Structures are given as C-alpha cells and as structure tokens.
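# Summary of structural features
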Amino acid sequence: MKKVVKFGGSSLASAKQFKKAGEIIRADKARRYVVPSAPGKRSKTDEKVTDMLYACYDAASTGAGYGKLLSKIKERFEQIIDGLDLNLNLDFEFKTIEENFIAKAGRDYAASRGEYLNSLIMSHYLGFEFVDAAEVIFFDENGAFLADKTNRELAQRLEHLERAVIPGFYGSKPDGSIKTFSRGGSDVTGSIVSRAIHADLYENWTDVSGFLVTDPHLVENPVPIETITYRELRELAYMGASVLHEDAIFPVRKEGIPINIRNTNKPDDPGTLIVESTCRKPKYVITGIAGKKGFCSINIEKAMMNSEIGFGRKVLDVFERYGISFEHMPSGIDTMTIFVHQSEFEEYEQSVIAGIHRAVQPDFLDLESDLALIAVVGRGMKSARGTAGRIFSALAHARINVKMIDQGSSELNIIIGVKNDDFEPAIKAIYDIFILSEI
Ligand code: ASP
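Residues numbered from 1 in each chain as written. Predicted model: local features only at pLDDT ≥ 70, side-chain atom pairs only at ≥ 80, totals over all residues. Heavy atoms only, no water.

### Thoughts on the pairing of strand β14 (residues 364-377)
Across 11 bridges, the pairing between strand β11 (residues 288-301) and β14 is antiparallel. Each bridged residue has a counterpart across the sheet, and for Ile300 the counterpart in β14 is Leu365. In terms of strand pairing, β14 meets strand β16 (residues 413-419) through seven bridges, oriented antiparallel. Residue pairing in the sheet places Leu371 in a bridge with Lys419 of β16. (Pairing = 2+ DSSP bridges. Helix = DSSP H or I, 4+ residues; strand = E, 2+ residues; numbered from the N terminus.)

Here it is as structure tokens:
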C-alpha cells in the first residue's frame with residue numbers, strides 16, 4: 001500500500017502543527033511520500049510565508065529595504081526548527097536566497113522557497129529523503145506544465161526511494177529557473193506525485209474535515225460530504241466551492257486514484273473521499289449546494305423564432321465576437337435567454353445589444369442584472385423521484401421567486417437562477433429541506 005500525503009499551510013504553520021503531521025505520517029507505514037506546503041497562518045491575523053516571500057522579493061527587486069522582512073521569514077522557520085528540537089541551521093540557505101533575490105531570480109523562485117525550506121525541515125524531522133521539486137517537476141519555456149516528462153522522471157526518481165519528501169507548488173523550466181503553479185498549487189504537486197508512484201490513495205491534509213454540503217458562511221455548521229465523485233466536485237467547484245486546487249484533479253483522475261481530504265487537527269474524522277465513481281449510496285439525495293452571484297440575463301423575444309433556422313447561432317456569434325462566455329441558455333418557443341457574468345458583459349453591453357439587433361432583428365430585448373445562480377448537485381438525484389419538486393416547493397415556502405431553471409442532461413445537477421438578494425435564503429431553504437429535515 002502506498003499513500004501520498006500532502007499537508008497544507010495551516011497544517012505546517014508551527015512546530016505544534018508539524019508534530020501533528022509527524023504523528024499522522026508515523027501512524028501509517030503506507031504514508032511514504034510527503035508533499036508539504038509553506039507555513040501558513042497560525043491565527044486569523046497571521047501572515048502566510050508565501051505572501052511574505054512575495055513582498056520581500058518585490059522590495060529587494062525595487063531596491064527598497066528588505067532585510068527586516070527576510071529576517072522575519074527566517075525567524076518563522078527557526079521557530080519551527082527549535083520547537084522540533086532539530087539540529088538544522090538555515091544560515092547558508094538564507095544567504096543563497098538573499099543572493100538570488102538580489103540577482104533577480106524571479107517572483108516564482110521567491111515564492112517557492114517557502115515549500116523548499118519547509119520540506120527540508122520535514123525531511124530532517126521524519127528522516128525521509130529530500131527530493132527537490134526543481135529536479136523532477138517540469139515546465140516548458142512558456143511556463144506550461146509538462147505532464148508526461150514529469151511523470152516519467154518523477155516515477156524513475158522515486159522508484160528506488162522507500163520514503164521521500166517533495167516540496168509542493170513548484171518545478172523548473174528548461175533554463176533551470178523556478179516556476180510555480182498558481183496559488184494553492186501544492187495540491188497539484190501531491191496529485192502529480194500520486195500519479196507517478198501509482199499511489200493507492202492521495203491524502204490531502206488541511207484544516208477542515210472535508211468538503212461541506214454548502215458554504216458555512218451561508219448555513220450554520222453544514223454537514224460534511226462523505227463521498228463525492230470527480231464530476232460532482234467539478235460542478236460544485238465551478239460554482240465557487242473550494243478546498244482543493246482545480247488542477248489537482250486531473251493527474252489522479254487519469255489513474256483512478258481517490259483523494260481523501262482530511263483534517264490535521266481532527267485526524268480521526270474520516271473526511272471526504274473523492275472518487276471516479278462509486279456504488280456507495282449517498283446519505284442524502286443531494287451531495288452539495290453551491291452558487292455565485294453577479295450574473296445578468298439577456299432576454300430576447302421574436303415571433304416565430306423557433307422556425308428561424310440559425311437564430312441561436314447568430315445570437316451566440318455576437319457574444320463570441322466580444323469574447324463573452326455564456327453560462328446558461330434556457331429557451332421557449334419565441335424566447336431565448338442568455339446568462340452571462342455581469343463583470344464580463346458590462347463593458348460590451350451596448351455593442352452586444354446592437355450586434356443582436358443587427359443579427360436577428362428581435363421584437364423585444366431586455367436585460368436583467370444582479371442575478372445569482374445556484375447549483376444543486378448530486379449523483380443521487382437520478383434515481384430519486386421528486387427532487388426538483390422538493391427544491392421548488394422549498395423555495396416557494398421561503399417566498400423566493402425562481403428566475404430560471406436548468407437541469408443538465410447528466411441529471412447530476414439542477415441550476416436555479418434567483419435575484420442576488422435571494423441567494424442566501426435560497427441556499428438555506430434547499431439545505432433545510434434536503435439535509436436538516438433528514439438528520
Ligand atoms: N504556498 C502556496 C500558496 O500559499 C502554495 C500552497 O500552499 O499550496 O499558495
């Protein structure tokens with residue numbers, strides 16, 4: 001059995017957190033490959049080391065004073081080393097980092113040092129081999145990730161290593177310079193390592209006990225999701241739910257490796273298991289509810305629209321010309337509505353309206369702004385009768401006016417459009433009917 005364990009920033013923010021991570025790793029012999037993030041926040045008001053590194057590099061490269069900030073960063077690592085009673089001195093590492101800052105090694109280089117140093121500490125603490133991500137994770141000269149080359153070389157390198165620590169978040173370009181993934185990218189590294197070693201499980205340790213059915217800012221103490229499929233997760237992530245970096249799905253999905261989201265502070269909680277497919281019956285009919293505000297709809301009416309071949313194409317062509325992607329497009333016999341992101345649309349609003357008039361000569365066209373979209377997602381919906389009915393009666397009871405309904409052909413989700421102001425009460429009403437009333 002081989003497991004890859006990735007620890008997020010808050011799981012490694014201090015010596016105390018490091019000890020929890022150490023205990024978790026030692027508790028299971030299968031936890032052989034460790035991917036650390038940089039130290040995150042120790043409290044709500046604290047700073048992430050990655051942010052401190054960006055700020056320090058920006059100061060150094062503009063000739064501003066950076067010494068104090070660099071010492072503060074060094075202190076963060078030294079506190080961890082002291083708290084773990086390790087015999088490790090980072091003077092040489094910090095001298096190199098300072099030289100590279102002055103030589104303008106790049107913002108990515110700067111940011112990556114958080115993961116690099118935390119991994120050095122972790123490898124000393126555990127007695128595992130340290131493998132620098134710059135030697136095994138590759139990007140091309142334009143910064144695009146090279147999945148196959150990385151997979152090959154990483155697999156070769158780890159083949160003979162029983163246990164290893166590989167820093168998250170970064171790799172290197174052909175000229176040897178450092179390149180990072182986007183923020184939160186250590187999740188991606190964990191996934192890449194899991195693929196390369198054919199892991200049985202990718203454990204992603206963070207500070208929550210998995211995904212919650214909905215956003216805890218909207219509903220008090222939502223229940224956690226036990227099992228979710230990659231497809232469900234994608235639907236929810238697109239609608240704003242976040243715990244895992246979006247690109248972390250692809251490498252493990254290719255190999256059918258499940259991801260287990262776990263809580264470093266509550267290691268006994270089972271967390272959420274993300275799988276390709278499962279016959280496990282979901283506990284509730286719906287798996288999750290997520291949503292976003294800030295949409296607007298363009299409503300078009302024209303008599304005999306349905307017999308005018310090419311009508312839809314001509315309308316969508318106008319949006320394409322202005323680089324605006326559409327989210328949903330419900331239609332009636334003589335009507336068609338297009339949902340777009342308000343922020344993307346606003347700049348081109350008048351040009352798009354003129355374009356539609358020219359392209360299809362509608363009888364009537366109007367806009368409605370400040371709309372929100374809510375996705376109710378669940379593989380269990382397919383086999384449960386009356387799901388849509390329950391959603392809409394819950395919304396009606398909460399006196400919420402539904403502006404749009406769209407059930408994807410996959411029967412995996414139902415998308416509902418409401419006014420921005422109805423967003424929170426709508427999510428609460430749906431949560432209450434499917435989860436609270438079933439507990
Ligand atoms: N340390 C990086 C960040 O703050 C990457 C990560 O934590 O995954 O974004």
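Moving on, there is more to tell.
### Thoughts on the pairing of strand β15 (residues 404-407)
Relative to β16, β15 runs antiparallel, the two sharing four bridges. Bridging across to β16, Met404 finds its partner in Gly417. The antiparallel hairpin formed by β15 and β16 contains five residues in its connecting segment, where Glu411 sits at a positive phi of about 55°.

### Brief notes about the site of the ligand
For the ligand, the full set of nearby residues is Ser37, Lys48, Thr50, Glu115, Phe169, Arg183, Gly184, Gly185 and Ser186. One of the side-chain nitrogen or oxygen atoms of Arg183 is found 2.7 Å away from an oxygen atom of the ligand. Residue Gly184 places a main-chain N or O atom 2.8 Å away from an oxygen atom belonging to the ligand. About the coverage of the ligand: the protein hides 92% of its 260 Å² of free accessible area. (Near = heavy atom within 4 Å. Polar contact = N/O pair within 3.5 Å; in protein donor to acceptor, adjacent residues only side chain to side chain. Areas by Shrake-Rupley, 256 points an atom, 1.4 Å probe, with all protein chains shown as cover.)

### A few points about the sheet that holds β11
Within a sheet, each strand pairs with its neighbour through backbone hydrogen bonds, oriented either parallel or antiparallel. Overall, antiparallel pairing links the six strands, which are arranged β12-β13-β11-β14-β16-β15 in an open sheet. Each end of this open sheet is capped by a strand with a single partner; those strands are β12 (326-328) and β15. Adjacent strand axes in the sheet meet at a mean angle of 35°, parallel and antiparallel pairs treated alike. In this sheet, strand β13 (residues 335-341) lies alongside β11 in antiparallel orientation, the contact comprising seven bridges. Within the sheet, the bridge partner assigned to Asn299 lies in β13 and is Thr337. Here helix α8 (residues 230-238) sits on the sheet and contacts β11, β12, β13, β14 and β16; the angle it forms with β11, its principal contact strand, is near 65°. Where helix α13 (residues 387-397) meets the sheet, its contacts fall on β14, β15 and β16, and the angle it forms with β16 comes to roughly 15°. (Axes fitted to C-alpha atoms, helices over the stretch in contact; angles between N-to-C directions. Contact = heavy atoms within 4.5 Å.)

### Things to note about helix α4 (residues 91-102)
With 12 residues, α4 extends 17 Å between its outermost C-alpha atoms, agreeing within 8% with the 16 Å of an ideal straight helix rising 1.5 Å per residue. The set of residues buried in α4 consists of Glu93, Phe94, Ile97 and Phe101. Down the axis of α4, the smallest arc covering the buried residues is 90°, so these residues share one side. With respect to the buried face of α4, the exposed residues turned more than 90 degrees away are Phe92, Lys95 and Ile102. Tucked inside the fold, the buried residues of α4 contact α2 (49-61), α3 (67-83) and α5 (107-126). Backbone geometry just downstream of α4 places Lys104 in the positive-phi region, at approximately 55°. (Expected span 1.5 Å × (residues − 1). Buried < 20%, exposed > 50% of the residue type's maximum accessible area, 1.4 Å probe, protein only. Arc of directions from axis to C-beta.)

### Looking at the pattern of salt bridges
Tallied over the entire structure, the rule returns 30 salt bridges. The shortest N-O distance in the salt bridge between Lys293 and Glu424 comes to 3.3 Å. Linking Lys293 in strand β11 with Glu424 in helix α14 (residues 423-434), this pair joins segments that are 131 residues apart in sequence. Of the residues examined, Lys293 reaches a relative accessible area of 40% and is grouped as partly exposed. On the accessibility criterion, Glu424 (31% relative accessible area) is partly exposed. Among the ionic pairs, Glu308 bridges to Lys302, the shortest N-O distance being 3.1 Å. The buried category is assigned to Lys302, whose relative accessible area is 15%. Here the residues in one salt-bridge network are Lys3, Asp28, Arg31, Glu203 and Arg262, joined through shared partners. (Salt bridge = Lys/Arg side-chain N within 4 Å of Asp/Glu carboxyl O.)

### Structural notes on the sheet that holds strand β2 (residues 31-36)
If you walk across this open sheet you meet the eight strands as β3-β4-β2-β1-β7-β9-β10-β8, and the pairing is mixed. A single partner strand is all that each edge strand has here, and the edge strands are β3 (129-130) and β8 (227-229). In terms of strand pairing, β3 meets strand β4 (residues 164-165) through two bridges, oriented parallel. Residue Phe130 lies in a different strand from β4, and its bridge partner there is Val165. Relative to the sheet, helix α1 (residues 15-26) contacts β1 (3-7), β2 and β7 (201-206), its axis offset from that of β1 by approximately 170°. Across the sheet, α8 is in contact with β8, β9 (259-263) and β10 (272-275); its angle to β8 comes to roughly 85°.

Such coordinate-based values are descriptive only and should not be taken to indicate function.
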